[in-house]
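Observations on chain architecture
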Amino acid sequence: MLSRLVFVSGSALKGSGPIGAGLVHASRSLHTSSQSQAPVPALSEKGGKVRHGIIPEELFQLLYPKTGVTGPYMLGTGLLLYMLSKEIYVINHETFAAASITAVIIYGVKKFGPSVAAFADKLNEDKVAKAQEVKDLAMTSLAQAIEDEKKEQWRAEGRSMLFDAKRNNVAMLLETNYRERLHMVTNEVKRRLDYQIALQNLHRQMEQDHMVNWVEKSVISSITPQQEKESIAKCITDLKALAKATQAKAAV
Amino acid sequence: MADRPVPIAEKRLMDVKLGELGTWLGGRDFTPNGLISAIRKGHDRYYNKYINVKKGGIGGIAMLLVGYVAISYIWEYDHIKHDRWRKYH
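This one's a predicted model, so the numbers in the text were calculated from it and none came from an experiment. (Residues numbered from 1 in each chain as written. Chains lettered and ligands numbered in written order. Predicted model: local features only at pLDDT ≥ 70, side-chain atom pairs only at ≥ 80, totals over all residues. Heavy atoms only, no water.)

A count of helices and strands for chain A gives seven helices and two strands. Its helices and strands in sequence order give chain A the pattern α-α-β-β-α-α-α-α-α, from N to C terminus. Considering chain A as a whole, with its 252 residues, one finds that 9% of them fall into the buried category. Of all intrachain contacts in chain A linking residues separated by at least 6 positions in sequence, the fraction that spans at least 24 positions is 48%. (Helix = DSSP H or I, 4+ residues; strand = E, 2+ residues; numbered from the N terminus. Buried < 20%, exposed > 50% of the residue type's maximum accessible area, 1.4 Å probe, protein only. Contact = heavy atoms within 4.5 Å.)

Printed below as a string of structure tokens:
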């Protein structure tokens, strides 16, 4: 479980590989091939199995067909006895120190292992949850953007109706303008024609008046005094006759 | 598994037969670049198998520490030899 903490901080160190691997590292990260769209493979859940904390399981699997389950343990015991007896491993003060340290380490791991593991798991989970949040947020915002885009497209489809309405407006304006002008033209023409009529009427009137006046004047001037007396005498005799006639009618 | 025939130098070590060991060693890339790439690949294999996982155990670094202890013992052996209890084994 310590390796979990290593992993949590290891991703920061991952960029800096072993010194001297810079050459290979640089050439690896240059992306000379085209980017592949394949999804990144997920992390494996558990690491390779290790027995007793230090011996990989593969050794046991390797020896199982030939020696069964106890094979590797016998191998270990045999090697240990060989190294002790031939003093390839020498027992000195360091052995005691190593034994004490191993005891403490094993005690610590057994006692605090699970809690540290849970803590590291929680850290990881928080990181993953945050990343997932970001991803979800991005997804929802993008989906929203798609919706808005579709709406805009739908709106754009209505453009033709908008243009028809506008065209109608313009046509109406033109029509109104045209009719206004037509009215104006008719009015103006009528006014001019009326003026001409009035002028002609006036002309005729004046001629008539003038002619009447002239005729009157000439008639009056042509009535000599003698004719006037004669006409007055005639009028008197006519009036007398009329009076006699009405008197006769009244008597009847 | 009968795969298509692979040249000896490119086989993995566990697939190399004993007799081919010499050819295998001769065909490996010992240029500095090759060595570094070999170290890099080995590191990546170990890292991705034992450390770069969701629920790693103590094994990942414990094996490294044990290896470190063993190697430092081997390097100091000539000095430790003098602490031996018996002269003849």
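Turning next to the overall build of chain B. Counting its regular elements, chain B contains four helices and zero strands. Relative to its full complement of 89 residues, chain B shows a buried share of 22%. Only carbon and sulfur atoms are counted for the fraction: they give 64% of the accessible area of chain B, which is about 7100 Å². (Areas by Shrake-Rupley, 256 points an atom, 1.4 Å probe, with all protein chains shown as cover.)

Moving on, we come to helix 2 (residues 32-51) of chain B. Compared with an ideal rise of 1.5 Å per residue, which puts 20 residues at 28 Å, helix 2 of chain B spans 27 Å between its outermost C-alpha atoms and is within 8% of the ideal. Gly34, Arg40, Asp44, Tyr47, Tyr50 and Ile51 of chain B are the residues of helix 2 of chain B that are buried. (Expected span 1.5 Å × (residues − 1).)

Okay, the UniProt feature "transmembrane region" (unreviewed entry) in chain B next. Those residues carrying the UniProt feature "transmembrane region" (unreviewed entry) are residues 56-75 of chain B in this numbering. From the first C-alpha to the last, residues 56-75 of chain B spans 30 Å; its make-up is 85% helix and 0% strand. (UniProt positions renumbered as here; feature names shortened; annotations may be inferred.)

Turning next to the layout of surface pockets. Residues and elements named next belong to chain B. Its volume calculated, the second largest pocket comes out at about 650 Å³. Taken together, 17 residues line the second largest pocket, and the ones lying closest to its centre are Arg12, Trp24, Arg28, Lys41 and Arg45. Per-element accounting of the lining of the second largest pocket gives the leading share, eight residues, to helix 2. (1 Å grid on protein atoms, 1.4 Å probe; cavity = no way out; pocket = protein on both sides within 12 Å on 5 of 7 lines; lining within 4 Å. Points joined across faces, edges and corners; volume = space filled by probe spheres on them.)

Another point: the confidence of the model for chain B. All names here are of chain B. Per-residue confidence for chain B averages 83 on the pLDDT scale, and 91% of its residues sit at or above 70. Across chain B, helix 4 (residues 77-80) holds the top mean pLDDT of 92, while helix 1 (residues 21-27) sits lowest at 79. In the model output, the complex is listed with pTM 0.55 alongside ipTM 0.75. (pLDDT = per-residue confidence, 0-100.)

The grouping of Leu59 and Leu62 of chain A together with Leu13, Met14, Leu18 and Leu21 of chain B at the surface amounts to a nonpolar patch, some 650 Å² of accessible area in total. Tracing the backbone through its elements, the reader meets Leu13 of chain B in the segment before helix 1. (Patch = residues over 30% accessible without salt bridge, like charges linked within 9 Å, V, L, I, M, F, W, Y side chains within 5 Å. Salt bridge = Lys/Arg side-chain N within 4 Å of Asp/Glu carboxyl O.)

Moving on: the packing of aromatic side chains. A complete count under the given rule lists four aromatic pairs over all chains for this structure. When the centroid spacing of 5.4 Å and the interplanar angle of 35 degrees are considered together, the rings of Tyr89 of chain A and Tyr73 of chain B count as tilted. Taken as a pair, Tyr89 of chain A in the loop between helix 4 (71-85) and helix 5 (93-157) and Tyr73 of chain B in helix 3 (residues 59-75) lie in two separate chains rather than in one. Pairing Tyr46 of chain B with Tyr50 of chain B gives two aromatic rings, centres 5.1 Å apart and planes at 45 degrees, and the pair type is tilted. Note that Tyr46 of chain B and Tyr50 of chain B are positioned in helix 2 at a spacing of four residues, about one turn of the helix. (Phe/Tyr/Trp six-rings, centres within 6.5 Å; stacked < 30°, edge-to-face > 60°.)

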